[in-house]
Amino acid sequence: MTIELTVNGETRTVTAAPLTPLAEVLREELYLTGTKQACGEGFCGSCTVLLDDAAAPSCLTPVGMAAGKAVRTIESLAPGMSELSPLQQAMKDADAVQCGMCFPGILMGLTALLARQPEPTEDDVRTALSGHLCRCTGYARIVDAALSVCVPAERGV
């Protein structure tokens, strides 16, 4: 079946069964390999993308349900790799990235949080991270980096 998607602001047409996981279509049909597939059960958060600006596990989202919605992947944060987004730069500066398997999903989940809540509390950031498993970092640097992006200028950042 032919399905039309809007991915990272571009209209894309894919051929897939409507129940095919969006993660599979993104990686194998559209070659957007930044979205990682780890557990395949919606448990780890590695495959998180934004659907109409809300974080969603793309391994559990049928591609047919993504039709008509704006899909954003990790590739949308730094188009052309010319400049990192403020959140990506903060993660780099904090040395928060380790192996990279979970990080695209973490960045997309935090992007959704910061879009709806520009000045989240530490608890808000930790809650947003609760659906993301990272076995490398321990989360402290991730939380600190996310908070550094949203601290108002009058507080010195």
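Residues numbered from 1 in each chain as written. Predicted model: local features only at pLDDT ≥ 70, side-chain atom pairs only at ≥ 80, totals over all residues. Heavy atoms only, no water.

(A) Up close: the environment of C134. Mapping C134 onto the fold places it in the loop between helix 5 (122-129) and helix 6 (140-150). Between the alpha carbons of C134 and C44 there is a distance of 8.1 Å; along the sequence they are 90 residues apart. Beyond its immediate chain neighbours, meaning those up to four positions away, C134 contacts C102, I106 and Y139. (Helix = DSSP H or I, 4+ residues; strand = E, 2+ residues; numbered from the N terminus. Contact = heavy atoms within 4.5 Å.)

(B) Examining the domain arrangement of the protein more closely. For the protein, the assigned domains read domain 1 (2-76) and domain 2 (86-150). Once you take the C-alpha centre of each, domain 1 and domain 2 turn out to be 21 Å apart. Taken over both partners, the interface formed by domain 1 and domain 2 buries close to 1,100 Å², and the fraction arising from carbon and sulfur atoms is 70%. Viewed at the interface, domain 2 and domain 1 are joined by zero salt bridges. Scanning the region where domain 1 abuts domain 2 turns up three residue pairs in polar contact (both at pLDDT 80 or more). (Domains from an automatic or database assignment. Buried area = accessible area lost by both parts, 1.4 Å probe. Salt bridge = Lys/Arg side-chain N within 4 Å of Asp/Glu carboxyl O. Polar contact = N/O pair within 3.5 Å; in protein donor to acceptor, adjacent residues only side chain to side chain.)

(C) Spatial organisation of the confidence of the model for the protein. Chain-level statistics for the protein give a pLDDT mean of 90 and a share of 95% at 70 or above. Here residues 153-157 is modelled with pLDDT under 50, and outside its nearest four sequence neighbours on either side it reaches four contacts, counting other chains as well. (pLDDT = per-residue confidence, 0-100.)

(D) Structural view of the environment of R141. With respect to the secondary-structure elements, R141 resides in helix 6. We classify R141 as partly exposed; its relative accessible area is 44%. As a C-alpha pair, R141 and P104 span 37 residues in sequence and 16 Å in three-dimensional space. Discounting residues that sit within four places of it in the chain, R141 has contacts with A94, D95, A96 and Q98. Within the structure, the side chain of R141 is placed 3.2 Å from the backbone oxygen of D95, a separation counted as a polar contact. (Buried < 20%, exposed > 50% of the residue type's maximum accessible area, 1.4 Å probe, protein only.)

(E) Region of the structure containing the pairing of strand 4 (residues 54-57). In the sheet, strand 3 (residues 48-51) pairs with strand 4 via four bridges, with the strands oriented antiparallel. Looking across to strand 4, one finds that T48 is bridged to P57. Counting the residues between successive antiparallel strands, the hairpin from strand 3 to strand 4 contains two residues, one of them, D52, with a positive phi of roughly 50 degrees. (Pairing = 2+ DSSP bridges.)

(F) Region of interest: the side chain of Q88. Mapped onto the fold, Q88 is located in helix 3 (residues 86-93). For Q88, the residues in contact, after removing those within four places along its chain, are I74, L77, A78 and L107.

(G) Molecular detail of the packing of helix 5 against helix 6. As a packed pair, helix 5 and helix 6 sit with axes 10 Å apart at the nearest point and diverge in direction by 125 degrees. On the basis of the axis angle, helix 5 is oblique to helix 6. Judged by the sense of rotation from one axis to the other, the crossing of helix 5 with helix 6 is right-handed. On helix 6, the residues touching E122, V125, R126 and L129 of helix 5 are I142, V143, A146 and L147. The residue makeup of the contact of helix 5 with helix 6, split by class, is six nonpolar, no polar and two charged. (Axes fitted to C-alpha atoms, helices over the stretch in contact; angles between N-to-C directions. Parallel < 35°, antiparallel > 145°, perpendicular 65-115°, else oblique. Left-handed = near helix turned anticlockwise from the far one by under 90°. Nonpolar A, V, L, I, M, F, W, Y, C, P; charged D, E, K, R; others polar.)

(H) How the structure looks around the sheet that holds strand 1 (residues 2-7). Spatially, five strands are ordered 2-1-5-3-4 in an open sheet, and the strand pairing comes out mixed. The sheet is open, and its two edges are formed by strand 2 (10-15) and strand 4, each paired on a single side. Taking the axes of each pair of neighbouring strands and ignoring which way they run, one obtains an average angle of 40 degrees across the sheet. Direction of pairing for strand 3 relative to strand 5 (residues 70-72): antiparallel, over a ladder of two bridges. Following the sheet pairing, L51 is matched in strand 5 by V71.

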